[in-house]
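# Geometric and topological summary
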Amino acid sequence: MNKYELTVVVSAAIEDEARTSIIDKVKGLITKFGGAEIDVKEDGKKKLAYEIQKMSEAFYYFINFDAEATCPPQLDAQLRIMDGILRNMCVRVEE
């Protein structure tokens, strides 16, 4: 198992309950694709370097998890089509 950090940028136009629901769905997808030991850190609302979908601010979440190498590509494919997620990036963390 490898350690990964997933960064998820969620639209600021979405209400608190909907954002919580989106992050719960992301955690469910990680578990579905074989991930474990999920740790979520909310970094709050931040100004974006450039506008994305006519928005200049968004909420940042950092999710650390353990998974096999097949998990991140499957996860990326699902996150790209989810409503409310502006961007995502998954990187392998060296131990």
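Heads up: the structure comes first, above all this text.
If you're wondering where the values come from, they're calculated on a predicted model, not measured in any experiment.

### Things to note about the pattern of salt bridges
- The tally for this structure, following the rule as stated, stands at seven salt bridges.
- The partner of aspartate 16 in a salt bridge is arginine 19, and the shortest N-O contact between them spans 2.0 Å. Within this pair, aspartate 16 and its partner arginine 19 are both found in helix H1 (residues 16–32), separated by three residues, close to a single helical turn.
- A relative accessible area of 6% places arginine 19 in the buried class.
- The partner of aspartate 76 in a salt bridge is arginine 80, and the shortest N-O contact between them spans 2.9 Å. Here aspartate 76 and its partner arginine 80 are both found in helix H2 (residues 71–80), four residues apart, which amounts to about one turn of the helix.
- Aspartate 76 gets classed as partly exposed once you look at its relative accessible area, which sits at 23%.
- Of the residues examined, arginine 80 reaches a relative accessible area of 63% and is grouped as exposed.
- Each of Asp16, Arg19 and Glu42 takes part in one network of salt bridges that share partners.

### Brief notes about the nonpolar core
- Within the largest apolar cluster, 20 residues are counted, with the highest numbers of intra-cluster contacts made by Leu6, Val26, Phe65, Leu75 and Leu79.
- For this core, the secondary structure elements donating two or more residues are strand S1 (2–11), H1, strand S3 (55–67) and H2.
- Residue contacts for leucine 79: discarding those within four places in its chain leaves Leu6, Val26, Leu29, Ile85 and Asn88.

Reading guide: rules and limits
- Residues numbered from 1 in each chain as written.
- Predicted model: local features only at pLDDT ≥ 70, side-chain atom pairs only at ≥ 80, totals over all residues.
- Heavy atoms only, no water.
- Salt bridge = Lys/Arg side-chain N within 4 Å of Asp/Glu carboxyl O.
- Helix = DSSP H or I, 4+ residues; strand = E, 2+ residues; numbered from the N terminus.
- Buried < 20%, exposed > 50% of the residue type's maximum accessible area, 1.4 Å probe, protein only.
- Core = buried A, V, L, I, M, F, W, Y, C linked by side-chain atoms within 4.5 Å.
- Contact = heavy atoms within 4.5 Å.

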